[in-house]
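# Overview (structure and organization)
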Amino acid sequence: MQITIKNKLNQRELFRIKRMKEVIKTTNPHGHKDYLEIIYLDAGAGTHQIDFNRFTVKPHSLYLVMPGQIHSWELTEIPKGYVVMVQKDFLLDHPFYEALFQTFPLAFPSGFDLSHVHPTILELFRSIEVEYEQQNSNYQAIIQTYIQLLLNLLKREIKSDESQALPTLLKEFFALVDAQFRTNREVGEYARQLNVTSKTLNNTCRKIVNRTAGEIIDERLTTESKKLLLYSYQTLKEVAYELGFTDPSHFNKFFKRQTGVLPSVYRKGIS
């Protein structure tokens, strides 16, 4: 999959806020290296694709583009708003670090309609911009506080009051799944690497994210499958082999079991 990975932050830069470029544009699908992008629009129209989710662009929309996600724009009206880039380390040891960067499935959806709280959200971004431009003493801590407030407001939107920290076991499991899901789909093998029983791993997953360990592995594989079907020019056979299936028919069965449709139908429906 030939996708450009952009890095708009320099080596020592952990945070940046800027105004959205006020131009009508169409961008090729691309990702961002190791940083979260938060986009809030005060004006604009068109579409915004994030992974396999397609959003209608309209005023008072907020988008989260996580590290590793792929997105692109098809704008039909001049956009106005803010783009915030947050390097992972900028939020290290802060309450939302785990939820943003160490949780699968993702803790937040990619898009929000915040028209009903627009004045509050806009003022937040303006305050962040002022702190960033003036850079008075302790400005980074103040920006971190504003970001924490923004994320808590987004939790309110999805009616989430979960404050429980992720157990170390789950953090390590998510990291292993992210690294090995193409080649390892056996819960027992993950449990062995984590020095626990399969039952302990499953019980922990159910308790914290209401999914079994196997469901989490399958969901990660399904997410990657959809990305490849959406963005790559690979044949279905090539997609199956890249995802670790030794037989394309096994991929067909897996994908239909997860989504209800065959990969070819899914690709045709989103093309």
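Up top is the structure these notes are about.
The model shown is predicted, which means the values in this text are computed figures rather than measured ones.

So, how was this worked out
- Residues numbered from 1 in each chain as written.
- Predicted model: local features only at pLDDT ≥ 70, side-chain atom pairs only at ≥ 80, totals over all residues.
- Heavy atoms only, no water.
- Buried < 20%, exposed > 50% of the residue type's maximum accessible area, 1.4 Å probe, protein only.
- Helix = DSSP H or I, 4+ residues; strand = E, 2+ residues; numbered from the N terminus.
- Pairing = 2+ DSSP bridges.
- Expected span 1.5 Å × (residues − 1).
- Axes fitted to C-alpha atoms, helices over the stretch in contact; angles between N-to-C directions.
- Parallel < 35°, antiparallel > 145°, perpendicular 65-115°, else oblique.
- Contact = heavy atoms within 4.5 Å.
- Nonpolar A, V, L, I, M, F, W, Y, C, P; charged D, E, K, R; others polar.

On to the pairing of strand β7 (residues 70-87), then. The element β7 is extensively covered by neighbouring structure, given that 13 of its 18 residues are classed as buried. Direction of pairing for strand β2 (residues 15-19) relative to β7: antiparallel, over a ladder of five bridges. Within β7, the position partnered with Phe-15 by the bridge is Val-86. Alignment of strand β3 (residues 30-32) against β7, held across two bridges, turns out to be antiparallel. Its bridge partner lying in β7, His-30 is registered against His-71. Here strand β4 (residues 35-50) runs beside β7; their pairing, made up of 14 bridges, is antiparallel. Along β7, the bridge assignment pairs Tyr-40 with Tyr-82.

This part is about helix α9 (residues 248-259). For α9, with twelve residues, the first-to-last C-alpha span of 16 Å sits near the 16 Å given by 1.5 Å per residue. Remark: Gly-260 follows α9 within two positions and exhibits a positive phi of approximately 95°.

Put simply, helix α7 (residues 213-231) and α9 touch, their axes get as near as 11 Å, and they point 105° apart. Comparing the axis directions of α7 and α9 gives the class roughly perpendicular. Taken together, the residues of α9 that come into contact with α7 (itself represented by Asp-218, Glu-219, Leu-221, Thr-222, Ser-225, Lys-226 and Leu-229) are Phe-251, Phe-254, Phe-255, Gln-258 and Thr-259. The residue inventory of the contact of α7 with α9, partitioned by class, reads five nonpolar, four polar and three charged.

With phi around 50°, Gln-135 is a residue other than glycine that occupies positive phi space. Looking at where Gln-135 falls in the secondary structure, it is placed in the loop between α2 (118-134) and α3 (139-157).

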